[in-house]
Amino acid sequence: MQIQSPNILLIVVAAVVMVLYVFTNSAVLVWVERKVSAHIQRRPGPFEVGPFGLLQTAIDGLKLMAKQLIIPAKADKRIFMLAPVLSFVPPIAALLTVPFGKVVQVQNLDIGILFILSLAALNVLAILIAGWSSANKYSLFGAVRSVAQNIAYEIPLLLSLLTAVLWMGTLNLGELVDAQGGFWFVFTPFGFIAFVIYFVTGMAETNRAPFDLPEAESELTAGFHTEYSGMGFGLFFLGEYTNMILVSAIATSLFLGGYNLPFITLNGEGILWELIRVLIFLAKAYFLIFVMIWMRWTFPRVRFDQLLNLCWKVLIPFSLVNLAAAAIWIKAVGG
Amino acid sequence: MDITFSSDLSAYVAIADVTFIAFIAMTLAGGLVAILAKQLIHAVLGLIISLIGVAGLYAFLGNYFIASMQILIYVGAVSISMVFAVMLARPPEEVKQKSMRLATKIALGVIVGLFTAATVGSAVFAHRWSAAAKVTSGDTPVEIGIGLLTRNVLAFELISLVLLIAIIGSVVIAKRGRGTGKTVGGEEL
Amino acid sequence: MIQPTFFGNIEVYLLVALILLSFGLYGLISRPGLISMLISVELILNGAGLNFMAFNTFTAPDKTEGATFTLFVMGLAAAEAAITLSIAVAIYRRFRLITADNLSGMKD
């Protein structure tokens, strides 16, 4: 094993920067969601606090932090407090391995995408123990529905990502972006189908509408986070938005060519080129998030059996056939 | 084979040692909670902590792929099924556990401890384990995949058959349970 | 050249694996419930897997063998857990309890 001396200072600074980014990202996304949803519904949205309502999120955050943390009497205290933390921390660790640029990537793991997938599995656990420890039947129902939805949708998620890994031949995220170059994976038919399937299952994994039955504001009071008040709810919220940016970042890296322009590979060295690459990556990722928000306020919520039918009867066969076809193509033509 | 590092990495090796001790503590503490907890959900959570600790130990052994698979399979699937089953089955052993007398427990603990000590003393520490010449390093998924499809292909096919039978069997068993006897409070989940 | 105090030699890993095995053994014998037994069995299987990986890293020439076998152990543990849990749920639906020693003749 060739071991170089690890640059601990760089890693610590990068981790701190990443946490700050996650907080800023959530703040911006809350504002974007409220404005976009408002304009879709033909109303102005927040416009009083700060110019265009930009400070609304900061004030809301302060309000959340000032609220009293209520723990129900019958709840299991330690597990109750653990669940929001378990929901919030793994996506941050996963974001540390995403290639925002050629150099702006904290740790380029050889098993990159597998690491991110194993951290996604911890989110399911967080929801389950949140629902269980609340000692509330609505929370339990929401948690059970959410777990059923999440573990069902993990299969087409894995299969569509597997198509990309099979095509590019590596699990390493940096190499996955470089292997696409200018010719993005979505330009191929297998990549396009895999991208659509991945996007839909990504929305289901982060419990975003139209798959947000676990949160189901009009049905189950608030699903698995009914009993959480103040910062506990805030942490779940932050975790959901961080998951959204993580899903979009992975979709950008694997399917949309990462930091490359269409048909142009950006290979320049130097800070200026790196900045351009990071900006292009963020533009693509945030466009995908805009599409997610757009879909939330356009489509009605699906019923639970429709949800599971969609997964088992439509998405899994399609992704399996897509994977097999991609494998046959690679063997026949040579990729 | 002994792992050695050059001397300018001594601070990092010390940090790695401390992290290693932390993972071992996580594994053993989780195991203790898993077998001694009174509430079943605490036992499952202890098991989860122990599994994450073992994944860390796999990473220390140099095989990050197997560490990821440990978390994906055990923590991501098996543990969640267990928590689900605990939530659905609500076993009354939480309420009144017909446990053994203290004397029986102590006797059992002593027997298991003697067994452990005998195995350790005779097999592990009395032998000097030496390394053979290295042929391949199984760190990457590529080599494991090649091995699975060339040398171990029979085991690979058999385990896919076993998993298929397990899936079909568990669906059939859980399905047949409905309709005979009462369901839990009439809920259908 | 410095040697790490703890994680450089094989005996530590074997000892931890053996302790996991004994924990699992104790839990399997002393706990009455079906799901508690499953938890203990999972501990035993993890101890075995750790043993395999330790020998794989330190003494095996072909390091894919140990990794492959550990993957098989994980797969089998998952299959066994799935079947055991569905049996537990089915038994609970029928009998309203899942302790292994008095599964017959129980009233509420």
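Residues numbered from 1 in each chain as written. Chains lettered and ligands numbered in written order. Predicted model: local features only at pLDDT ≥ 70, side-chain atom pairs only at ≥ 80, totals over all residues.

Section: the overall build of chain B
When helices and strands are counted, chain B shows six helices and zero strands. Across the 189 residues that make up chain B, the buried fraction comes to 30%. For chain B, long-range pairs separated by at least 24 residues make up 51% of all intrachain contacts whose partners lie at least 6 apart in sequence. (Helix = DSSP H or I, 4+ residues; strand = E, 2+ residues; numbered from the N terminus. Buried ≥ 20, exposed ≤ 12 C-beta atoms within 10 Å, placed from the backbone. Contact = placed C-beta atoms within 7 Å.)

Overview of the interface of chain B and chain A
Facing the 21 residues of chain B at the interface are 20 residues of chain A. Looking at which element gives the most residues to the side of chain B that touches chain A, the answer is helix H3 (residues 64–89) of chain B, with twelve residues. Within the side of chain B that touches chain A, the residues separate by chemical class into 15 nonpolar, five polar and one charged. (Nonpolar A, V, L, I, M, F, W, Y, C, P; charged D, E, K, R; others polar.)

Here we look at helix H4 (residues 102–124) of chain B
Over its 23 residues, H4(B) runs 32 Å from end to end, which matches the ideal 33 Å to within 8%, given 1.5 Å per residue. Of all the 23 residues making up H4(B), zero are buried; the element is thus mostly uncovered. (Expected span 1.5 Å × (residues − 1).)

Focus on the interface of chain C and chain B
Where the parts come together, the accessible area they lose is often given as the size of the interface. Taken together, the contacts link 75 residues of chain C with 90 residues of chain B. Put simply, the parts of the chain that give the side of chain C that touches chain B at least two residues each are helix H1 (10–30), helix H2 (34–59) and helix H3 (63–95) of chain C. Broken down by element, the side of chain C that touches chain B gets its largest block of residues, 26 residues, from H3(C). Per-class residue counts for the side of chain C that touches chain B are 47 nonpolar, 21 polar and seven charged.

Looking at the environment of Ser50(B)
Secondary-structure assignment places Ser50(B) in helix H2 (residues 40–60). With near-sequence residues (within four places) excluded, Ser50(B) lies in contact with Thr27(B), Gly30(B), Gly31(B), Ala34(B) and Leu43(C).

Some words on helix H5 (residues 141–150) of chain B
All names here are of chain B. Those residues of H5 lying buried are Pro-141, Ile-144, Gly-147 and Leu-148. Summarising the axial view, the buried residues of H5 lie within an arc of 125°, below the 170-degree limit, and thus occupy one face. Exposed positions of H5 whose direction lies more than 90 degrees from the buried face are Leu-149 and Thr-150. (Arc of directions from axis to C-beta.)

Observations concerning the packing of helix H5 (residues 137–168) of chain A against helix H10 (residues 304–333) of chain A
Residues and elements named next belong to chain A. At a minimum axis separation of 9 Å, H5 and H10 run at an interaxial angle of 15°. On the basis of the axis angle, H5 is roughly parallel to H10. H10 is crossed by H5, and the crossing has left-handed handedness. Along the lines of polarity and charge, the residues of the contact of H5 with H10 split into 20 nonpolar, five polar and one charged. (Axes fitted to C-alpha atoms, helices over the stretch in contact; angles between N-to-C directions. Parallel < 35°, antiparallel > 145°, perpendicular 65-115°, else oblique. Left-handed = near helix turned anticlockwise from the far one by under 90°.)

Quick word on the confidence of the model for chain B
Residues and elements named next belong to chain B. Confidence along chain B averages 80 in pLDDT terms, with 78% of residues attaining 70 or more. Taken element by element, chain B is modelled with least confidence in H4, mean pLDDT 78, and with most confidence in H2, mean pLDDT 93. Confidence drops under a pLDDT of 50 for residues 180–189, and excluding neighbours within four residues, the segment shows nine contacts in the predicted structure. (pLDDT = per-residue confidence, 0-100.)

Things to note about the packing of helix H7 (residues 189–205) of chain A against H10(A)
All names here are of chain A. At a minimum axis distance of 10 Å, the contact between H7 and H10 shows a crossing angle of 150°. Considering their axes alone, H7 and H10 lie roughly antiparallel with respect to each other. Pair H7 / H10 crosses with left-handed handedness. Together, Phe-190, Ile-193, Ala-194, Ile-197, Val-200 and Thr-201 of H7 and Leu-315, Phe-318, Ser-319, Asn-322, Ala-325, Ala-326 and Trp-329 of H10 make up the contact between the two elements. Residue composition of the contact of H7 with H10, by class: ten nonpolar, three polar and no charged.

Observations regarding unusual backbone geometry
All names here are of chain A. Of note in the backbone geometry, Arg-42 takes a positive phi value of approximately 60° without being a glycine. Considering the arrangement of structural elements, one finds Arg-42 in the loop between helix H1 (8–40) and helix H2 (56–66). Using a count of 6 C-beta atoms within 10 Å as the deciding quantity, one classes Arg-42 as exposed.

Concerning the nonpolar core
Grouped together as the largest cluster of nonpolar side chains are 154 residues, with contacts concentrated most on Leu128(A), Phe255(A), Val44(B) and Met82(B). If one sorts the elements of this core by residue count, helix H4 (residues 112–133) of chain A sits on top with 17 residues. When residues of this core are assigned to domains, at least three map to each of domain 1 (1–97) and domain 2 (136–181) of chain B. Setting aside anything within four residues of it in sequence, one finds Leu128(A) in contact with Ala143(A), Val147(A), Ile80(B) and Val83(B). (Core = buried A, V, L, I, M, F, W, Y, C linked by C-beta atoms within 7 Å. Domains from an automatic or database assignment.)

A few points about the confidence of the model for chain C
For chain C, the mean per-residue pLDDT works out to 84, and 87% of the residues sit at or above 70. Here the predicted complex carries an ipTM of 0.86, next to a pTM of 0.87.

Section: the environment of Lys67(A)
Residue and element names in this part refer to chain A. Note that Lys-67 resides in the loop between H2 and helix H3 (77–95). Lys-67 sits in the partly exposed class, given 13 other C-beta atoms within 10 Å. Separated by 42 residues in sequence, Lys-67 and Asn-25 have C-alpha atoms that sit 22 Å apart. Those residues in contact with Lys-67, other than ones at most four positions away along the chain, are Ser-229 and Gly-230.

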